[in-house]
Amino acid sequence: MSRPRPQLGLACVLALTIPLVAVPATASGAPPATVTDYTIDVDPSRDGPAISDTMYGVFFEDINRAADGGLYAELVQNRSFEYDPVDNPEYTGLTAWTPTGAGGGAEVVDDAGRLNERNRRYLRLTLPVAGLAGGAGGAGYGVVNAGYNTGIPVQRQHRYDFSVWARTDQPAGTPLTVRVTDAAGAELAEPLRVRVRGERWTKYTGTIRARASSTAGRLAVTAAGTGTLGLDMVSLFPQDTFKHRPNGLRRDLAEKIAALRPGFVRFPGGCLVNTGSHYGYEAPGWERRRSYQWKDTVGPVEQRATNANFWGYNQSYGLGYYEYFQFAEDIGAMPLPVVPALVTGCGENRATDDPALLRRHIQDTLDLIEFANGPASSRWGRVRAEMGHPKPFGLTHLGVGNEENLPDAFFERFRQFRAAIEAAHPEITVVSNSGPDDAGANFDRLWQLNREAGVEMVDEHYYNSPAWFLQNNERYDTYDRAGPKVFLGEYASQDNRFYNALAEAAYMTGLERNADIVKLASYAPLLANEDYVQWRPDMIWFNNHTSWGSASYEVQKLFMRNVGDEVVPSEASATPVTTAPISGAVGLSTWATSAAYDDVVVTSADGGTLFTDDFSGDAARWSNVSGRGSWSVVDGAYVQSDEAAEDTLVMAGDPAWTNYDLRVRATKRSGREGFLVAFGVKDSGNFYWWNLGGWNNTQSAVEQASGGGKQTLISNGTTIETGRSYDLRISVRGRQVTLFLDGQQWGSFTDDRVAEPFRQVVTRDHRTGELILKVVNAQDAAARTRIDLGRLRVAPTARVTTLHGEPDDVNTATEQPIRARESRLHGVSQTFDHTFPANSVTFVRIRATQPHPTGPSAGSVERNPS
């Protein structure tokens, strides 16, 4: 996953600036057509591409508190007192903890008395003199943990395992009382009492049974007596984890993932893999901002390292590589880990040049394969066996790197990883990648390198607007069939409304149609805690006590459970389109840069003046539609002076303007990038802009923002000099745009993309003998459709599953308007009519009454909804 640099605000605005508009597609609010006529012609006598049993999967990254406070079932936040301002400026070692009682002291220390070298901090309680004890429930002095979200959730009659590592300097020992209470201190369970003995760290355990339910619980750990008490790894775990595994996963979240029936699990990242230092958690620096290094995450949890999560919080590694492998096995999915390639991305874009470190990471990767697949007698197979899994996990695919923006530096290192892996383990498919975007110079260069090297599989990532997904259904139709296969490791339409899910569903029909190229695909991100969101959209949402699937979750589940074994060739008629010229006002913006603009002139095609501003006065005609940045007139220029501000769009003029020239003089004053000049501006989420010196001043592009998400239309390697004045001209004629930099033509394009709202694909399920007709109707008009199955004899009744709703519908904790509905369709024959509802995804399972010549596939996997 890339840092959200290419995004403009993820709340989807359905007023899409679609280039060529299919007439009935009225997400923009125009009066809807009642019905549109279509045809679908299916040729069951022919076989299309075979579909992999692992076609669709999930990608788990610890973003949005997906691990700690999420899938990892631990209820105590900051259980080992390792939180640090490096992880988040608001953190201290006592974050989520509050001292309770009088006369004592609570201090997080990092000294030679620690539990172990890689879990370096612990809590030292200085207990009060006798008679001053008075903590929670009168039990003494100690600390109270607030958990995540509203608190620690407990359910009546459920059991919870408590554990703590402790030591005391008192020869007679120190009494310890553990209570689960509500926020006011009322007990929710019978207290647990243990006596800590001795100065050596010892683990103490017990079971707590809740006698009342609460979503706002607290865990109080208090001690009586005097002296000094050390505590570390304070844990409260529900016994009711997924498959009841110790150190396991939160059951409702794991079950929602399992209900998808994913073919693979990609982990652990994402930006966690290729950001931060690639050095280890070791003396003398004890680097906290590190790339995800698998050896940090295995073995006893109290011996695992801590890390600063890229997304702005602490990462405990309680959920580590062993737990990932175990989860993948538990849900019948292929594990697909990703390791760092020593080139950072996600906005960092640095290559680590240390041959010894590179050799170490390559060896770590070979050791990872041994951990997953080696016999229990091998060094790392023994570690796996000691953790509880003597049998190998059966690893077959492994990714190296994630979204690197330095193509040649990345590929130089990738080659070395690949050579070492293939020499030792030729059975492993080594997956490369194509960077963080769907197009552009880095994308093209990485694909060139991958093709030339004969790489087996390339991981593509992109997050785009609904319009992009509707426009690019044929993306993989023209990919080289003799080249690398595609792993679409991360994709999503940039919001969680049903319209976004419809656009994704329409796109997925194109993925299946090209199943000979696209071998794996996973929506991202997977999980989001509603109180700790760094990124949206997300597939599954949750808080500390409940969870719910988004509209995109429902689409993904429908596709994953109805894949089929092969594509059946089919064709559908298209939606009529009308052509409209690019229209909109003009705008200026910056991104992490201070810039000055002057002499803005807009003229019509016949030379008439539409707008002019030399900023000799004020800037009253400009509107800050982004609400960001610090804009003012300085020395006769319009200056954005906040070097840290991003996406500072201001606009002027008439949103109805067409066929005009925009001229402006621009100067970069300071900062990371260049400047942005916008045209065709409708509002803060719908426009085009010329991005000069973008991506940390490494390239330039024209991008279109639609519904809050962006896509690149053309790009090159132009960079911008600080202090130099540039003359820019943008000429808009109909749907053609020509751009001039200092009087020279910089580029030109015609935006003739079509956002087709009616998409379909047909697959064959060998086990059931059914054709699966999958139809997406992403428009406000119903689709009255004549379906021709050729000469195939079929049963007269078909099974139907439908997702249907309004474009703005959003699933929430209390309401899930988008959910699958089952029905039966009668009157099915070789040719029949069916009307697909407006704004719907419909799967029709049609049973053939004559066997297909190829018969059942020996490797087919049943993913039916029934």
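Look up a bit, the structure's there.
Position numbers for residues start from 1 in each chain and track the written sequence from start to end. Residues qualify for local features only when their pLDDT is at least 70, as the model is predicted, and side-chain atom pairs are given and counted only at 80 or more; totals for whole chains, interfaces and linings, by contrast, use all residues. As a convention, hydrogens and water are excluded, and side-chain values are obtained from all of the structure's heavy atoms.

A. The arrangement of the pattern of salt bridges in detail. When a carboxyl oxygen of Asp or Glu lies within 4 Å of a side-chain nitrogen of Lys or Arg, that pair is called a salt bridge. Evaluated as defined, the whole model comprises 56 salt bridges. Here D87 and R288 are joined by a salt bridge, their closest N and O atoms 2.8 Å apart. With D87 in the loop between β3 (56–59) and β4 (97–100) and R288 in the loop between β15 (264–267) and β16 (307–309), this residue pair connects regions lying 201 residues apart in the sequence. Per residue, the accessibility class of D87 equals that of R288, and both read buried. Ionic pairing is found between D240 and R251, a salt bridge with its closest N-O pair at 3.0 Å. A residue pair is termed long-range when its members are at least 10 positions apart, and D240 in the loop between β14 (227–238) and α1 (251–259) and R251 in helix α1 qualify at 11 residues. Any residue under 20% of the maximum accessible area for its type is buried, any over 50% is exposed, and the rest in between are partly exposed; the area is computed with a 1.4 Å probe on protein chains only. We classify D240 as partly exposed; its relative accessible area is 24%. Overall, the relative accessible area of 35% leaves R251 in the partly exposed class. Among the ionic contacts, a cluster of salt bridges with common partners joins D110, R114, E117 and R120. In this text, helices come from DSSP runs of H or I with a minimum length of four residues, and strands from runs of E with a minimum of two, each type numbered from the N-terminal end.

B. Just the layout of surface pockets, in detail. Roughly 750 Å³ of internal volume is contained in the largest pocket. A pocket here means an open set of points on a 1 Å grid, computed over the protein atoms alone, that has protein on both sides within 12 Å along at least five of seven lines. A cavity is instead a set of points where a 1.4 Å probe fits but cannot get out; residues with an atom within 4 Å of a point line either one. Lining of the largest pocket is provided by 36 residues; of these, F237, R245, P246, N247 and G248 occupy positions nearest its centre. Listed by contribution, the elements that provide at least two residues to the lining of the largest pocket are β9 (159–168), β12 (202–209), β14 and α2 (321–330). Broken down by element, the lining of the largest pocket gets its largest block of residues, five residues, from α2. Following the grouping adopted for this structure description, the nonpolar residues are Ala, Val, Leu, Ile, Met, Phe, Trp, Tyr, Cys and Pro, the charged ones are Asp, Glu, Lys and Arg, and the polar ones are all others, Gly among them. Tallied by class, residues from the lining of the largest pocket come to 14 nonpolar, 13 polar and nine charged. Grid points are joined across faces, edges and corners, and a volume is the space filled by probe spheres set on the points.

C. Geometry of the packing of helix α8 (residues 498–513) against helix α9 (residues 551–560). Two elements in contact, α8 and α9, have axes whose closest approach is 8 Å; the angle formed by their N-to-C orientations is 25°. The angle between α8 and α9 falls in the class roughly parallel. Here the hand of the crossing between α8 and α9 comes out right-handed. Counting all contacts with α8, which are made through F498, A501, E504, A505, M508, T509 and E512, the residues of α9 involved are A551, S552, V555, Q556 and F559. Among the residues making up the contact of α8 with α9, the classes are represented as seven nonpolar, three polar and two charged. Between the N-to-C directions of two axes lies an angle of 0 to 180 degrees, each axis being a line fitted to C-alpha atoms and, for a helix, fitted only over the stretch in contact. Throughout, the term roughly parallel applies to angles under 35 degrees, roughly antiparallel to angles over 145, roughly perpendicular to angles from 65 to 115, and oblique to all others. Note on convention: the crossing is left-handed when the near helix lies turned anticlockwise from the far helix by less than a right angle, right-handed when the turn is clockwise. Any pair of residues with heavy atoms lying within 4.5 Å of one another is described as a contacting pair.

D. Geometry of the pairing of strand β50 (residues 840–847). Counting buried residues in β50 gives seven out of eight residues, a clear majority hidden from the surface. Pairing of strand β45 (residues 770–777) with β50 involves eight bridges; the strand directions are antiparallel. Bridging across to β50, N777 finds its partner in S840. Here, strands pair whenever DSSP counts at least two bridges between them.

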